[in-house]
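Okay, here's what each chain looks like letter by letter:
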Amino acid sequence: MNHAEIDLAREKVNLETSQIAWKELQRFFANGTAVYVAPDLDLVEVAYQFSIDNKPQVEQWIQTNRLGLVSDQQAISWLEADAQVWAVVVKPWILVQG
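Residues numbered from 1 in each chain as written. Predicted model: local features only at pLDDT ≥ 70, side-chain atom pairs only at ≥ 80, totals over all residues. Heavy atoms only, no water.

Undergrad: Can you break down the environment of Trp-61 residue by residue, with the values?
TA: Among the structural elements, Trp-61 can be located in helix α4 (residues 55-63). Trp-61 sits 58 residues away from His-3 along the chain, and the two C-alpha atoms are 24 Å apart. With near-sequence residues (within four places) excluded, Trp-61 lies in contact with Leu-41, Glu-45, Val-46, Gln-49, Arg-66 and Leu-67. (Helix = DSSP H or I, 4+ residues; strand = E, 2+ residues; numbered from the N terminus. Contact = heavy atoms within 4.5 Å.)

Right, dumping it as C-alpha cells:
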C-alpha cells in the first residue's frame, strides 16, 4: 500500500467510528466479539491495525493489557453507568473504548 491508500484506509475507519450506548453492544459482548481498547491507545489506529491483520502489533497490545476481550467486570460497570463508549466494527470484532 502506498501512503495515499493507507491514509484512505485510516480515514474510512475514522468515519466508521462513533459513540454508542454500551447497552446497544451487549450482544457483541455475549458473543465474545467485543474487544476492549485501553484509553491511551488511538482507537482508529487500533482498528486500522486489525484491518490490515498486523498480528505482531495486536499481540504486543494484548501482552501489555492494553487490548483484550471486554471483561465481565467492565461490561457490568459500563451497563450500570449507562455508559456511552466509542466503537468501531472490524469484522468479526467490535472494538470498544470507554
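Undergrad: Requested: an account of the side chain of Gln-97, with residues and values cited.
TA: Positionally, Gln-97 belongs in strand β5 (residues 93-97). Setting aside chain neighbours within four positions, we find Gln-97 in contact with Val-37, Ala-38, Pro-39, Leu-41, Leu-43, Val-85 and Trp-86.

Undergrad: Quick one: what's the story with unusual backbone geometry, residue by residue and with numbers?
TA: Peptide bonds are trans in most cases, and residues, glycine excluded, mostly fall at negative phi. Geometrically, the link from Lys-91 to Pro-92 is a cis peptide bond, its omega value of 5 degrees lying close to zero. In this structure, Pro-92 sits in the loop between β4 (84-90) and β5. At Asn-65, a position not held by glycine, the phi torsion is positive, near 60 degrees.

Undergrad: Can you break down the pairing of β4 residue by residue, with the values?
TA: Pairing of strand β1 (residues 18-21) with β4 involves four bridges; the strand directions are antiparallel. Note on β4: the bridge partner recorded for Gln-19 is Trp-86. The pairing of β4 with β5 spans five bridges and is antiparallel. Residue pairing in the sheet places Val-88 in a bridge with Leu-95 of β5. The turn linking β4 back onto β5 is made up of two residues. (Pairing = 2+ DSSP bridges.)

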